[in-house]
Amino acid sequence: MDLADHLSGMTTTSHSSPFTVAVTGASSGVGLYAAKSLADRGWHVLMACRDLDKAARVAHGVGMQKEQFTLVHVDLGSLTSVRACAAEISARSTPLNALVCNAAVYKPRLTEPERSPEGYEISVATNHFGHFLLCQLLMEPLQRAPGARLITLGTVTANAEEFGGKVPIPAPANLGELQGLEAGFRAPASMIDGGPFKPGKAYKDSKLCNMIVSRELHRRYHASTGIVFNTLYPGCVAETALFRDTPAAFRRIFPLFQKYITKGYVTQALAGDRVAQVVADAKFAESGVHWSWGNRQNGREAFSQPLTARAQSVQRAERLWALSEQLVAVRA
Ligand code: NAP
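Each chain has its residues counted from 1, running along the sequence as written. Whole-chain, interface and lining totals are the exception, using all residues; otherwise, since this is a predicted model, local features are given only for residues with pLDDT of at least 70 and side-chain atom pairs are given and counted only at 80 or more. Side-chain measures were taken over the full set of non-hydrogen atoms in the model, leaving aside hydrogen atoms and water.

Participant: Lay out the nonpolar core with the relevant residues and their values.
Facilitator: The biggest cluster of nonpolar side chains holds 52 residues, and the ones touching the most others in it are Ile89, Leu99, Phe129, Leu150, Leu181, Phe185 and Ile192. The dominant element in this core, judged by the number of residues it contributes, is helix α5 (residues 122-137), at 7 residues. Filtering out sequence-adjacent residues up to four positions away, leucine 99 remains in contact with Ala22, Leu134, Cys135, Leu138, Leu142, Arg149, Leu150 and Ile151. Side-chain atoms within 4.5 Å link the members of a nonpolar core, which is a set of buried Ala, Val, Leu, Ile, Met, Phe, Trp, Tyr and Cys residues. Only protein chains enter the area calculation, which uses a 1.4 Å probe; residues under 20% of their type maximum are buried, those over 50% are exposed, and those in between are partly exposed. Strands are runs of DSSP state E lasting at least two residues, helices are runs of H or I lasting at least four, and both sets are numbered from the N terminus onward. Residues are treated as being in contact if the distance between any of their heavy atoms lies within 4.5 Å.

Participant: With reference to specific residues and values, describe the packing of helix α8 (residues 199-225) against helix α11 (residues 314-328).
Facilitator: Angles run from 0 to 180 degrees between N-to-C directions of axes, and those axes are lines fitted to C-alpha atoms, restricted for helices to the stretch in contact. The contact between α8 and α11 brings their axes to 10 Å, and the two run at 100°. Between α8 and α11, the crossing angle belongs to the class labelled roughly perpendicular. Counted together, Cys209, Ile212, Val213, Glu216, Leu217, Arg219, Arg220 and Tyr221 of α8 and Val314, Ala317, Glu318, Leu320 and Trp321 of α11 form the full contact between these two elements. Any angle from 65 to 115 degrees is called roughly perpendicular, while one under 35 is roughly parallel, one over 145 is roughly antiparallel, and all others are oblique.

Participant: Give me the lowdown on the packing of aromatic side chains, citing residues and values where you can.
Facilitator: Note on aromatic pairs: the rings of Phe, Tyr and Trp (six-membered ring only in Trp) are paired at centre separations within 6.5 Å, and the planes decide the class, stacked below 30 degrees, edge-to-face beyond 60, tilted for the rest. By the definition in use, this model includes 13 aromatic pairs. On the basis of an interplanar angle of 85° and a centroid distance of 5.8 Å, the ring pair of phenylalanine 129 and phenylalanine 185 is categorised as edge-to-face. Here phenylalanine 185 lies in the loop between α7 (179-182) and α8 and phenylalanine 129 lies in helix α5, a separation of 56 residues in the sequence. Note on phenylalanine 185: relative accessible area 0%, which makes it buried. Lying across the ring of tryptophan 321, arginine 220 places its NZ or CZ 4.2 Å from the centre. Geometrically, a charge over a ring is one whose NZ (Lys) or CZ (Arg) sits within 6 Å of the ring centre while staying within 35 degrees of the ring normal.

Participant: Break down helix α10 (residues 268-280) for me, citing the residues and quoting the values.
Facilitator: An ideal rise of 1.5 Å per residue puts 18 Å on 13 residues; α10 measures up with 18 Å between its terminal C-alpha atoms. Buried within α10 are the following residues: Ala271, Gly272, Arg274, Val275, Ala276, Gln277, Val278 and Val279. Residues of α10 that are buried sit in contact with β1 (20-24), α2 (29-40), β4 (98-101), β5 (149-153), β6 (228-233) and β7 (289-292). Expected helix span is computed as 1.5 Å times (number of residues minus one).

Participant: Requested: an account of the site of the ligand, with residues and values cited.
Facilitator: Near the ligand lie 31 residues; those nearest to it are Ser27, Ser28, Lys54, Tyr203 and Thr240. At 2.7 Å from an oxygen atom of the ligand is found a main-chain nitrogen or oxygen belonging to asparagine 102. In the environment of the ligand, an oxygen atom lies 2.7 Å from a nitrogen or oxygen atom belonging to the side chain of lysine 207. Methods summary: accessible areas were calculated by the Shrake-Rupley approach with a probe of 1.4 Å, and residue burial reflects only the protein chains presented. Protein chains bury 97% of the 890 Å² of accessible surface belonging to the ligand in isolation. Polar here means any residue outside two lists: the nonpolar Ala, Val, Leu, Ile, Met, Phe, Trp, Tyr, Cys and Pro, and the charged Asp, Glu, Lys and Arg; Gly therefore counts as polar. Looking at the shell around the ligand residue by residue, the class counts come to 15 nonpolar, 11 polar and 5 charged. Distances are taken per atom, and a residue is near a molecule or strand as soon as one of its heavy atoms is within 4 Å of it. In protein, a polar contact requires one atom able to donate a hydrogen and another able to accept it; more generally it is a pair of N or O atoms within 3.5 Å, and residues adjacent in sequence count only if both atoms are side-chain atoms.

Bear in mind that shape data such as this cannot, by itself, settle questions of function.
As structure tokens, this is what we get:
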């Protein structure tokens, strides 16, 4: 079933689910299975995706019914598109009970930085700036829903408290003194720390920003709004399309390595269900937490995983926030 089939005979408000969640990047991997798991729990899912034909097709492919989801276009790499998406979601009459910032690109084989329409390096533009702006623009509909949650996908490789975050290939996440952002982040700047372009590190840096921003959202807004702001690491989901730009041999070996050596492997369905738990379950209602199931974790309970002291520095978070705010022109 494609987009035209999906849209025929339905309006965007024809559902009667009590809760609504917007999931970015719901057309693949963790986001798709999170959407499915939330739909199975009775939530209505706004699938915020860049390719709506694909999103409709894969949603039906995993068994979602047309009344369980609404498609909303967004290209997270384009600030104009993010604004249009936020306007579309905000215009809905129903409150927004949850937002899941899930979409991401990982482009480890780029030799030159790819740029967003605004001229920013594409991993940071998509994963960090796009979500940073979206979160701010959707605070109003989230505030209309008591106990709303804003959940962001973090990752082990951006958290130096975990073994995965110490792996030096290509380089650990490191925002330096934010020199690249301070310089305006347009060419020639391509890395947040102002250093030479390293595409794998650009992804890790952007995910570290996601985790820092979630903590800063918590610090700024949890007490006054009641919104729960959390991040999570759902496990290593080695078979998603995130790894589409890695060499074919890597894509064959990586799932086996994760399954049998690190034991960090989880299926896309389990990872999606973990996201749904953090969105919907009462035990995850505490705000300001990075939830993890760790590695070697099948069957293990979720726990609150510390971030590094640098990732928790309020002074740094405030500077990252201020620079990001300038670069995405939140109040434009
Ligand atoms: P994935 O299968 O590649 O899914 C990424 C999603 O993001 C896709 O729906 C993709 O859309 C969407 N996307 C990419 N660029 C976009 C843009 N410019 N605008 C809108 N949507 C865009 O990857 P995944 O593994 O599920 O990753 C999902 C999240 O989990 C990411 O935040 C990642 O950092 C996190 N994570 C993953 C793992 C893992 O092991 N895979 C581990 C920890 C955390 P298309 O379908 O159109 O490509």
